[in-house]
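Coordinates in review
Here is how the chains run, residue by residue.
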Amino acid sequence: MISAEQNDFITRVGPGTPAGALLRRYWQPIALVEELEEKRPVRAVRLMGQDFVLFRDEKGELGLLDRDCPHRGADLAFGRLEDGGLRCPFHGWLFDVKGTCLETPAEPAGSKLCTRIKQSAYPVVEKSGIIFAYIGEGEPPAFPAFDCFVAPDTHVFAFKGLFECNWLQALEVGIDPAHASYLHRFFQDESTEASYGKQFRGASNDSDMPITKVLREFDRPDIAVESADYGLRLTSLRKLSEESTHVRVTNVVFPQAFVIPMSSEMTISQWHVPVDDTHCYWYAIFTSFTGPVNKQQMRDQRLELYELPDYTSRKNKRNNYGYNIDEQLNETYTGMGNDINVHDQWAIESQGPIQDRTREHLGTTDKGIIAYRRLLVSAIEATQAGQPAPMLINADQAAAFSGPPSIDGVSPSDRTATYCKDADRKRREQSPWAAARLTD
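Attention in this report is confined to the structure presented alongside it. (Residues numbered from 1 in each chain as written. Predicted model: local features only at pLDDT ≥ 70, side-chain atom pairs only at ≥ 80, totals over all residues. Heavy atoms only, no water.)

Some details on the overall build of the protein
Stated precisely, the cut-off is as follows: A run of DSSP states H or I qualifies as a helix once it reaches four residues; a run of E qualifies as a strand once it reaches two. Both are numbered from the N-terminal end. The classification of residues rests on relative accessible area computed with a 1.4 Å probe and restricted to protein chains. Under 20% of the type maximum is buried, over 50% is exposed, and intermediate values are partly exposed. Surface accessibility in these figures is a Shrake-Rupley result with a 1.4 Å probe; residues are shielded only by whichever protein chains are displayed. The charge count includes Lys and Arg as positive and Asp and Glu as negative, but it does not include His or the ends of the chains. Lysine's charge is taken at NZ, arginine's at CZ, aspartate's at CG and glutamate's at CD.
Looking only at helices and strands, the protein features 11 helices and 20 strands. Expressed along its principal axes, the backbone C-alpha trace of the protein runs to roughly 85 × 50 × 45 Å. Counting only residues that meet the buried cut, the protein has 54% of its 440 residues in that class. Accessible surface computed for the protein: about 19700 Å², of which carbon and sulfur atoms make up 48%. Positive and negative charge centroids in the protein, built from 48 and 62 side chains respectively, lie 2 Å apart.

If you want it as structure tokens, here you go:
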């Protein structure tokens, strides 16, 4: 258990908070590229309790500005895209993507007012279908050369969804290997051939054993946590027999992402991004090592659950997450359908808007969560002291990153220590794009 003060220290991220100061030192996902492909490419964005407006101008350049017009505070998210920028409908003040005021047309002819006006603007970049923003001070860190950022556009797919809870409890689901044997338990195994685009429905690598069967029948994983240059590596072993062991390797990329295996051919890189203290978005990049991603199929699958324009779940606390008692008795452990995102959503939202960690009792299988919280506290304290934090890297350092390797497979029991490295190497050697990045 931790104190209420310690809980606030690691969860609250508004302006002026310790954790907020840390997270503002990193690039944060703020929108999907597809959200700016509509007739009017302007989106309101709320990030860590601050309000912004994201837009693409007539030249195709991206801009992120404070949402309140510096004239009298009107909402620039309703602005007009014209004349090289975003124009406030209140008095016609015009701003470009850098926040420069181009016109104050209601002022008297010859007025120089616009030369003295500057709206706060923030760096934005597109990466693998996601728009990232940097709202901190100074220069942003470089993007590490992870698979999700270097794979060709044909081999990545991005999506997002809204959770109505604090970002930290959402992230901590991804660093909890034990929960999958219960929360995501299915009582029947589907054909693994129909598993494309679905997590935990395919077969483990180097086997024909459905992952659902592994999780259901071997529910006491042996979990090891190691420090890595990007954050943490978690290895979960489930001994299937004297000869074979299931190995699942997942990763925490500091400060708030994880990289996990989706199937033998695909990984998921996922961020949990605070909207404010009680809401967050998950942003995911699905990366294929084999053929191009079927983006339309994966988008259609997810739109069965998520509703536009805000990517809110159709199953939520207002309709009990679709809970069905007969399903819980006969089909799934939760009775909340087959989509594991719904299971996760129930688990983290049921903890409350901000989990009260003064009442929790952690166990042995929570060692990943314990290690991450220590890393988080250390980084927050370093930021307060004006010292470096993990993953604040320059371009040369970023180029040295790869992976991080993330595997779900069945290994000979005497080779589990090297299985992830060997399986990852084999997958890369057979990949049309990853093979070019291999070094001896």
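Details of the sheet that holds strand E2 (residues 42–47)
Sheet strands pair by backbone hydrogen bonding; their relative direction is either parallel or antiparallel. For clarity, the threshold we go by: For two strands to be treated as a pair, DSSP must find no fewer than two bridges joining them. Geometry is summarised by axes, namely lines fitted to C-alpha atoms with helices restricted to the contacting stretch, and by angles between N-to-C directions that run from 0 to 180 degrees.
Spatial ordering of the open sheet is given by E2-E3-E4, a layout of 3 strands whose pairing is antiparallel. The sheet terminates laterally at E2 and strand E4 (62–66), the two strands that pair on one side only. With direction set aside, neighbouring strand axes in the sheet form an average angle of 25°. Summarising the sheet, strand E3 (residues 50–56) and E4 pair through 5 bridges and their orientation is antiparallel. When the bridges of E4 are listed, Phe52 appears paired with Asp66.

Overview of the sheet that holds strand E8 (residues 101–103)
A sheet is described by the order of its strands in space; here 4 strands give the open sequence E5-E6-E7-E8, paired in antiparallel fashion. Pairing within the sheet leaves two strands with one partner each, and these edge strands are strand E5 (80–82) and E8. Here strand E6 (residues 85–87) pairs with strand E7 (residues 94–95) via 2 bridges, running antiparallel. Considered in E7, the bridge of Leu86 is made with Phe95.

Some words on the nonpolar core
We apply this condition: In this description, a nonpolar core means a group of buried Ala, Val, Leu, Ile, Met, Phe, Trp, Tyr and Cys residues linked to one another through side-chain atoms lying within 4.5 Å. In what follows, residue pairs with any heavy atoms lying within 4.5 Å of each other are defined as contacts.
Grouped together as the largest cluster of nonpolar side chains are 91 residues, with contacts concentrated most on Ile30, Leu54, Leu64, Trp167, Tyr372 and Leu376. The contact partners of Leu64, leaving out residues within four places of it in the chain, are Ile30, Phe52, Val53, Leu54, Ser120, Ala121, Tyr122, Val124, Ala133 and Ile135. Ranked by size, the runner-up nonpolar core spans 16 residues in total, among them Phe55, Cys69, Ala77 and Trp93.

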